[in-house]
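The primary structure of each chain is shown beneath.
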Amino acid sequence: MLLNVHSYYSLRYGTLGLEELIGALLAGGHDTAVLTDINNSSGSLDFLRRGQEAGLHILGGMEFRNGDGLLYIGIARNVEGFRELNEFRTRFNKEGRPLPERPLELNNAFIVYPYGALDKAVLKDNEYIGVRPSELNILRRHATGHLERYVILAPVTFGAGDYKFHCQLRAIDHNLLYSQLEPHMVAGKEEVLLPKAKLLELYRDFPELIRNTRKLLGQCSFDFDFKTHKNKATFTGNRYNDRQLLYKYTLDGFAGRYGKDKIARERIDRELEIIEKLNFSSYFLITDDICRYARSRDFHYVGRGSGANSAVAYCLGITDVDPIALHLPFERFLNPKRQSPPDFDIDFAWNERDELYDYIFNRYQTGHTALMGTMSTFRGPSILRELGKVYGLPKAEIDRLVHEPEHMLNKNEVTETILSVYNRMADFPNQRSIHASGVLISEQPLAYYSAMDYPPKGLPTMQFDMYVAEDIGFEKFDILSQRGIGHIKDCREIVRQNKGEVIRTDNPKRFFEDPKIAEQLRSANTIGCFYIESPAMRQLLTKLRCDDYLTLVAASSIIRPGVASSGMMAEYIKRHHDPQSVSYLHPVFRQELEETYGVMVYQEDVMKIANAYGGLDMADADVLRRMMSGKYRSKEHLIEIEGKFFDNCRQQGYDERISREIWRQMESFAGYSFNKAHSASFAVESYQSLYLKTYYPKEFMVAVLNNYGGFYNRKVYVNEARLAGAKVSLPCVNKSVFNTTIYGEDIFLGFDCLQNLEGKLAQLIPEERQRHGAYTGLENFMLRTGASLEQLIILIRIGALRFTGTGKKELLWEAHLLLGTDKKRNNGPALFEGMSRKPVLPKLESSVVEDLYDELELIGFPVSGSLFDLARSGYRGDTLACDLLSREGQTVRMVGDFVAEKQVRTRRGELMKFGTFLDERGLFFDTVHFPPSLKRYPLNGNGLYLLEGRVVVEFGCASLEIAKCGKMPLKGDPRSE
């Protein structure tokens, strides 16, 4: 009898989760309900699935509103009606128009209007008027004639006791104080889920309404097949041609990847058989099509994730990871017993992904292609801040509530109200957004599954998330973006322009055997290289003395927080340096995990042990891995496979105690282990970056700067370019372009690095120079660019007009005399042409310190010097970074320019930090700040620090355990004197 049920997907309106609703329906004796969330169908299919499992008759619908105004409620007769409702909502989302007072023709949906909205005489056959319990007396007084067009309308918006919570959500939605809410902004207090018996009792005097409602609901059904794949069924038009085309493309690539390798061919044939059996040929071919387009546009990309477990994907060129060489099981990606669909992760350059989207959305049918949605939720401090605003707390009080929750001043009625609802709001849906990378390409129109939003990007976006997509049978295509890809592609072009060399980074296997790259890796000279430049990763590379691909693959996995915090990273390093001392729990561990010294580093390792020791086939082993890592819902299936595992162990005569310990280790490792194929993909991209850094370090750093860095800020990459032998110069109007450029050994920073310089002017300066030649002087520059006085001052202060040979202060005087106090040039070219001679100025003093402060202000760091040049003291400590290994165990003093910090909590919850600094020569060193010293001597961000501590060396990696530290005073800023 419930035609109008809201869940918490009626964002900032409904308060009930899907499971809560189902529980309330069952408790209230209801067997039928229509989920009609406001202007969306985010939860419809998930609610249908859960409701069916609970034995309920769930129907699809949607409530349509313009702002707070309820227009009508749509109820789908069937799946076609659900599609019509979604298409209707999608159309108006796309056009950005308000909804009409009456909907367009909907042949397979019922429309229910609120009482009083329409005269019953104008209703169409599929239209009704809903009457709320509070409106029955009005109906009794005014209804004339028959009531066949009236139905029960008992909206459900919140649970008992949740009305205040509903109002808090409405205040957040309207960005108002709780006290400023008006009646039309909130639901009526009666919109709770009434028991069916009580609801019928309310309408006992109107049996016609009860009959009409039952009749309406009796005409509706919502049959949905959750088991079939929903992706585009074929690539070519039929499955046979798909199979033939995939076979042809795979064998075309096989020759280049494997030659005539018989073992590889057997693996390929087995994979193709599984792919066809599970009907995934189209999925492979569409992914291949996207990659072929990228190659045709010379876009660099990296295929990673579990897809790299596929030798077919390797032959197609979707990935550059050889799964046979790495012993990667195909079943980790695709197997007959895996219930959840696989997906490929393809990384593209951050500034090329939009073109890939354009290709995909133009290549595949409109209405069948959309971005994956995601649901952002209320969490953590955002809850306190939102509620704090609702209750009018000043920012300082909200900050105190967030950062000092136990503070005595937080103990008052308002903050207690806020804290009382905190747990209720945690992970509560807040707003729909776009998934970081997912794309859906469907066989049926996507409106069969949900309505679509049109965010600012302008591409249709599903209203549900990846978890719902997985449940209903979609395999998404992950089209990701990252700056590391941009480094690689741009560097190749910069090398071509600067050195005339055409270089390639494909076929990365050749890099694995290069001794120069190996040395670069072993010395952790990896700044700017994807995934291996962070302080923690560089320390790990040093400790492992990593100089080969397989070790780097392992490093990419054991660096992850779960492995590191479990102690397995330290154990792996220890075993790596002394493999002879390794004691294997069972001979199977030596057989399967000798490469990782008996440590389960990867998800695939769990599968290997489950297969080789526990006798499970690889398909069951993958299911077990997913269960253990919490990615599989069926507890019954886990119990079944666990029983099979131990039965097999007993049949083999294994010691029960050892079997239990192995099961415990698998269960423990599965929760935090990393996909080896993923690690291998990361390592391939790291090697491609490392190749460029090894042989073309200057051009590589220019590429890093032009892709706006990686782990560090620009200062670090400029320093790295200097260490590589480049001369780095400040922007110059006659040399620089918008971004950083290189001429031979000389690097000129671009205008994009200047804070507060207008983007249009930054683009115009090099364009005008290219059209009409070099600028000849200040007047010529002003005439040709029309730069305002404010913008001209920025360029003069950074030295961008130093080619004139005139000092900065003289140029500033000249600019002010030419433009006066006007911020824009108003007098045109005649102003300059009329000036026959420059004014005679007295000699003006300048200083290096003044220049460095200008650079700090305008760029964020000194370029023509370093922060050390601004230190008031000439003291530089008694040790440099290069000497730390020889000072092990000694207490030393060092002076460092702060680069980065990482904060962690100890097991006791105390704060400690790891710091990274540059010494006077521009070399890195690392510091450890334990809680006691950190409390007394905190790190306070950027600056020059004097650091005192003991040198600790672990597996050849030195760091400084800080006893004392503090910022060193800098010379005064002469500009303010």
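Here we summarise the structure given alongside this text. Being a predicted model, the structure only gives us computed values, none of them experimental. (Residues numbered from 1 in each chain as written. Predicted model: local features only at pLDDT ≥ 70, side-chain atom pairs only at ≥ 80, totals over all residues. Heavy atoms only, no water.)

### Things to note about the pairing of strand β14 (residues 477–482)
Inclusion rule: Only protein chains enter the accessibility calculation, which uses a 1.4 Å probe; a residue whose area is less than 20% of its type maximum is buried, one above 50% is exposed, and one in between is partly exposed. Numbered from the N terminus, helices here are DSSP runs of H or I no shorter than four residues, and strands are runs of E no shorter than two. A pair of strands counts as paired when DSSP detects no fewer than two bridges linking them.
Of all the six residues making up β14, five are buried; the element is thus mostly covered by neighbouring parts of the structure. Inspection of the sheet shows strand β9 (residues 345–349) paired to β14 by five bridges, in the parallel sense. If you follow Asp347 over to β14, its bridge partner there is Leu480.

### Comments concerning the side chain of Arg149
We count it as follows: Residues counted as positive are Lys and Arg, residues counted as negative are Asp and Glu, and His and the chain ends are not counted. For this analysis, a salt bridge means a side-chain nitrogen from Lys or Arg found within 4 Å of a carboxyl oxygen belonging to Asp or Glu. Whenever two N or O atoms come within 3.5 Å, that pair is a polar contact, provided that in protein one can donate a hydrogen and the other can accept it, and provided that, for residues adjacent in sequence, both atoms are side-chain atoms. Here, residues are in contact when the closest pair of their heavy atoms is within 4.5 Å.
Along the chain, Arg149 falls in the loop between α4 (136–142) and β7 (150–152). Buried within the structure, Arg149 lacks any salt-bridge partner; Asp125 is the closest side chain of opposite charge, at an N-O distance of 5.2 Å. Engagement of the side chain of Arg149 in a polar contact is seen with the backbone oxygen of Asp125, the distance being 3.1 Å. Setting aside its immediate chain neighbours within four residues, Arg149 contacts Leu123, Lys124, Asp125, Asn126, Glu127, Tyr128, Ile129 and Asn212.

### Focus on helix α35 (residues 808–819)
Quick reminder: α-helices carry 3.6 residues per turn. Residues three or four places apart thus point the same way. So the rule is basically this: The span you would expect from a helix comes to 1.5 Å times its residue count less one. Here the arc refers to the set of directions running from the helix axis out to each C-beta atom.
Spanning 12 residues, α35 covers 16 Å between terminal C-alpha atoms, matching the ideal 16 Å at 1.5 Å per step. Along α35, the residues that are buried comprise Glu810, Leu811, Glu814, Ala815, Leu818 and Leu819. All buried residues of α35 lie within an arc of 150 degrees about the axis, which places them on one face of the element.

### Section: the pattern of salt bridges
Overall, the coordinates contain 72 salt bridges when judged by the stated rule. Between Asp622 and Arg625 there is a salt bridge, with its nearest N and O atoms 3.0 Å apart. Placement of the pair is Asp622 and Arg625 together in helix α26 (residues 618–628), with a separation of three residues, close to one helical turn. In this structure, Asp622 and Arg625 share a single accessibility class: buried. Arg975 serves as the salt-bridge partner of Asp854, at 2.9 Å between the closest nitrogen and oxygen. One end of the pair, Asp854, is in helix α37 (residues 848–858); the other, Arg975, is in the segment after β22 (957–967), with 121 residues separating them in the sequence. The exposure class of Asp854 is buried, given its relative accessible area of 5%. Owing to a relative accessible area of 31%, Arg975 belongs among the partly exposed residues under this scheme. Linked by salt bridges that have partners in common, Arg797, Lys808, Asp851, Asp854, Glu857, Asp973 and Arg975 make up one network.

### Looking at the pairing of strand β11 (residues 428–441)
Strand direction decides the pairing type here: strand β10 (residues 369–378) and β11, joined by nine bridges, are antiparallel. Note on β11: the bridge partner recorded for Leu371 is Val439. Examined bridge by bridge, β11 and β14 share two bridges and lie antiparallel to one another. Looking at the pairing, Val439 lines up with Phe477 of β14.

### Considering helix α33 (residues 778–785)
Taken together, the buried positions of α33 are occupied by Leu778, Phe781, Met782, Arg784 and Thr785. Phi turns positive one or two residues past the end of α33, at Gly786, with a value near 65 degrees.

### Topic: the nonpolar core
Filter applied, for reference: Residue types Ala, Val, Leu, Ile, Met, Phe, Trp, Tyr and Cys, when buried and joined through side-chain atoms within 4.5 Å, form a set referred to as a nonpolar core.
Of all hydrophobic cores here, the largest spans 124 residues; its most connected members are Tyr549, Met666, Leu754 and Leu795. Residue contributions to this core peak at eight residues, all from helix α29 (residues 676–695). In this view, Met666 contacts Met600, Val606, Ile609, Ala610, Leu624, Met628 and Phe645; residues no more than four positions away in its chain are not counted. Listed in part, the 79 residues of the second largest apolar core include Ala33, Tyr113, Leu199 and Leu216.

### Things to note about the packing of aromatic side chains
Rules: Any Phe, Tyr or Trp ring, taking Trp's six-membered ring, that has another such ring centre within 6.5 Å forms a pair; planes under 30 degrees apart are called stacked, those over 60 apart edge-to-face, and the others tilted.
Under the counting rule described, the total for this entry stands at 52 aromatic pairs. Where Tyr178 meets Tyr391, the ring centres are 5.5 Å apart and the plane angle is 15 degrees; that geometry is what we call stacked. One end of the pair, Tyr178, is in the loop between α5 (163–174) and α6 (196–202); the other, Tyr391, is in the loop between α13 (381–390) and α14 (395–403), with 213 residues separating them in the sequence. Tyr178 gets classed as partly exposed once you look at its relative accessible area, which sits at 25%.

### Quick look at the sheet that holds strand β17 (residues 746–748)
Hydrogen bonds between backbone atoms are what pair the strands of a sheet, whose relative direction is either parallel or antiparallel. Rule in force here: Simply put, an axis is a line fit to the C-alpha atoms, just over the touching stretch for a helix, and the angle between two N-to-C directions goes from 0 to 180 degrees.
Read from one edge to the other, the open sheet built from three strands follows the order β15-β17-β16, with strand pairing classed as mixed. Only two strands of the sheet have a single neighbouring strand rather than two, namely β15 (727–729) and β16 (741–743). Direction aside, neighbouring strands of the sheet carry axes that sit 25 degrees apart on average. Note: β15 against β17, three bridges, orientation parallel. Residue pairing for β17: Val728 is matched across the bridge by Ile747. The strands touched by helix α30 (residues 697–706) within the sheet are β16 and β17, with β16 carrying the most contacts at an inclination of about 160 degrees.

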